[in-house]
Amino acid sequence: MKQTLPINSERLQRQIDELAAISAAPAPVVTRVLFSEADLRAREYVKNLCREAGLTIQEDAVGNIFVRWIGKDSSLPLVATGSHIDAIPNAGRYDGVVGVLGALEAIRALQESGFEPQRSIELIIFTAEEPTRFGIGCLGSRLLAGALSLEKAASLRDPEGKSLEELRGDAGFGGQDLKKVKLAAGSYSSFVELHIEQGPLLEKENIPIGVVEKIAAPSTLRVQLTGVGGHAGAVLMPERHDALLAGAEIALAVEQAALNSGSPDTVGTTGVFRIEPGAVNSVPCRAWLEIDLRDTQLPTRDGALKKIEQAVPEICKKRGVTFELQRLNVDAPAICDPSLVNAVSEAGRELGLEVKKMISRAYHDSLFMAQICPTTMIFIPCRGGVSHRPDEYSSPEQIKNGVAVLAATLARLASNS
Ligand code: GLV
Ligand code: MN
Ligand code: MN
């Protein structure tokens with residue numbers, strides 16, 4: 001890579017490692033669930049780094065953090081970047097974090113190079129990109145984009161039955177009005193998110209940078225099943241209404257719906273399956289499932305969704321189990337902005353880095369930022385395409401390439417008036 005900016009890889013890696021140590025589980029596992037003690041400590045850690053860089057900080061009612069480098073003309077719509085620092089259970093240290101600490105490093109490098117932005121540059125640390133607590137991903141960016149109604153936000157409950165209202169209050173955001181989270185139209189002129197690829201293509205093809213043209217469409221279902229419990233020795237098999245077995249059949253129906261959708265891009269996962277009472281000598285009387293179904297194309301995703309929604313009542317009827325089926329989210333894909341895709345490609349070219357146009361199969365806050373401003377993403381390779389696992393890894397050099405392309409892109413976008 002042609003070296004242009006003073007990007008400090010050692011500082012960045014040290015901060016990625018320090019942030020990874022703030023976790024509810026021992027290293028190398030990173031677990032930081034929304035508004036958990038680890039999430040709150042991680043927020044403080046990152047805010048301190050931002051303060052040290054001389055940036056201003058604001059937070060909204062759901063805990064989205066806005067870190068601003070004020071430009072020469074603060075009346076212009078801002079250029080934004082950012083990602084998330086929450087992490088699913090048993091995660092690694094790079095998902096989301098590269099787009100937050102990497103963006104901070106990009107800003108520091110630009111500052112140290114003497115660059116003065118015309119437009120202000122904003123680093124956004126989004127609340128709960130991960131769906132762990134409420135079953136719904138991109139909570140902060142959904143609300144920013146006005147893509148989640150306040151009624152639906154009010155109905156969200158975590159596995160312990162706690163509401164968003166209660167939890168954001170406990171986290172110190174209760175004094176603000178959730179209504180005000182939605183951004184005014186035209187707040188940002190562009191949004192560019194740096195992220196690890198979470199797939200194998202860049203590594204396989206030995207390409208240092210990806211630029212995202214489309215983000216696949218996610219959806220999530222929650223199924224609550226109520227059967228009849230009883231003694232594992234005493235209740236004979238024909239008499240049973242086992243909630244777990246109904247759930248197991250539903251999980252297999254999800255697999256079939258994805259496999260037979262007609263598209264190789266349909267993927268279905270039953271990633272949450274809890275049962276009660278959870279005793280080896282007791283027939284499971286209740287089960288909760290959360291189902292993640294995605295595709296790059298809407299017709300095949302929606303077809304598979306329909307198949308699953310038809311299978312649930314059939315399976316439950318056959319087994320004498322009652323059910324509640326809830327669509328937590330059913331989202332459209334995002335199409336990225338062609339001129340931003342070109343800006344990233346051009347920035348890569350100037351740095352002597354090959355850039356591959358890509359689809360993101362994972363979702364990101366960019367899915368919702370794309371609803372309110374021109375958006376794209378910069379991908380860097382990750383080892384084996386592995387993500388959402390503790391052994392997730394991108395090298396300091398790979399991260400530095402991504403930061404360099406992000407910094408060059410931000411400089412370009414923040415220079416035009
Ligand atoms: C984001 O973490 C996703 O599940 O795609
Ligand atoms: Mn993730
Ligand atoms: Mn992520």
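Residues numbered from 1 in each chain as written. Chains lettered and ligands numbered in written order. Predicted model: local features only at pLDDT ≥ 70, side-chain atom pairs only at ≥ 80, totals over all residues. Heavy atoms only, no water.

**Re the overall build of the protein**
Secondary structure assignment for the protein yields 12 helices and 17 strands. Relative to the 2.2 N^0.38 estimate, which gives 22 Å for 417 residues, the radius of gyration of the protein is 22 Å and therefore close to what a compact globule would have. Seen along its three principal axes, the alpha-carbon backbone of the protein occupies a region of about 75 × 45 × 40 Å. The proportion of buried residues among the 417 residues of the protein is 55%. The long-range fraction of contacts in the protein, counting pairs at least 24 apart against all pairs at least 6 apart in sequence, stands at 79%. As displayed, the protein offers around 17,100 Å² of accessible surface, 52% of which is attributable to carbon and sulfur atoms. When the 44 positive and 52 negative side-chain charges of the protein are each reduced to one mean point, those points stand 2 Å apart. (Helix = DSSP H or I, 4+ residues; strand = E, 2+ residues; numbered from the N terminus. Rg over C-alpha atoms; globule rule 2.2 N^0.38 Å. Buried < 20%, exposed > 50% of the residue type's maximum accessible area, 1.4 Å probe, protein only. Contact = heavy atoms within 4.5 Å. Areas by Shrake-Rupley, 256 points an atom, 1.4 Å probe, with all protein chains shown as cover. Lys, Arg positive; Asp, Glu negative; His and termini not counted. Charge placed at Lys NZ, Arg CZ, Asp CG, Glu CD.)

**A word on the coordination of the manganese ion (ligand 3)**
Distances from the manganese ion (ligand 3) to its protein donors, namely His-84 (NE2), Asp-95 (OD) and His-195 (NE2), fall within the range 2.0 to 2.3 Å. Between the two metal centres, the manganese ion (ligand 3) and the manganese ion (ligand 2), the spacing is 3.7 Å, with Asp-95 acting as a shared donor. Placement of His-84 in strand S4 (residues 78–84) and of His-195 in strand S7 (residues 188–196) is noted, with a sequence separation of 111 residues between them. Residue classification places His-84 among the buried positions, given a relative accessible area of 0%. Take His-195: its relative accessible area is 1%, and that puts it in the buried class. (Donors = N, O, S within 2.8 Å, 3.2 Å for Na, K, Ca; no water.)

**Looking at the coordination of the manganese ion (ligand 2)**
Those protein atoms acting as donors to the manganese ion (ligand 2) are Asp-95 (OD), Glu-130 (OE) and His-388 (NE2), and they sit at 2.0 to 2.1 Å. Each donor residue of the manganese ion (ligand 2) belongs to the same chain, and together they define the spacing D-x34-E-x257-H. With relative accessibility at 9%, the residue Asp-95 sits in the buried group.

**Observations concerning the environment of Ser-141**
In this structure, Ser-141 sits in helix H4 (residues 139–144). Measuring from C-alpha to C-alpha, the distance between Ser-141 and Leu-183 comes to 9.8 Å, with 42 residues separating the pair along the chain. For Ser-141, the contacting residues outside a window of four places in its chain are Asn-64, Phe-126, Asp-365 and Phe-368. A polar side-chain atom of Ser-141 sits 2.6 Å from a polar atom in the side chain of Asp-365. (Polar contact = N/O pair within 3.5 Å; in protein donor to acceptor, adjacent residues only side chain to side chain.)

**What about the domain arrangement of the protein?**
Parsing the protein into structural domains produces domain 1 (9–216 + 333–415) and domain 2 (218–330). Of note, the centres of domain 1 and domain 2, computed from C-alpha atoms alone, are 32 Å apart. With 15 residues of domain 1 in contact, the opposing surface of domain 2 contributes 15 residues. Carbon and sulfur atoms make up 48% of the area that domain 1 and domain 2 hide from each other, which totals about 1,200 Å². Across the contact surface, domain 1 and domain 2 share 1 salt bridge. Here Arg-361 ties to Asp-265 by a salt bridge, and the two come within 2.8 Å at their closest N and O atoms. Summed over the shared surface of domain 1 and domain 2, the number is 4 residue pairs in polar contact (both at pLDDT 80 or more). Of the residues assigned to the side of domain 1 that touches domain 2, the class counts are 9 nonpolar, 1 polar and 5 charged. (Domains from an automatic or database assignment. Buried area = accessible area lost by both parts, 1.4 Å probe. Salt bridge = Lys/Arg side-chain N within 4 Å of Asp/Glu carboxyl O. Nonpolar A, V, L, I, M, F, W, Y, C, P; charged D, E, K, R; others polar.)

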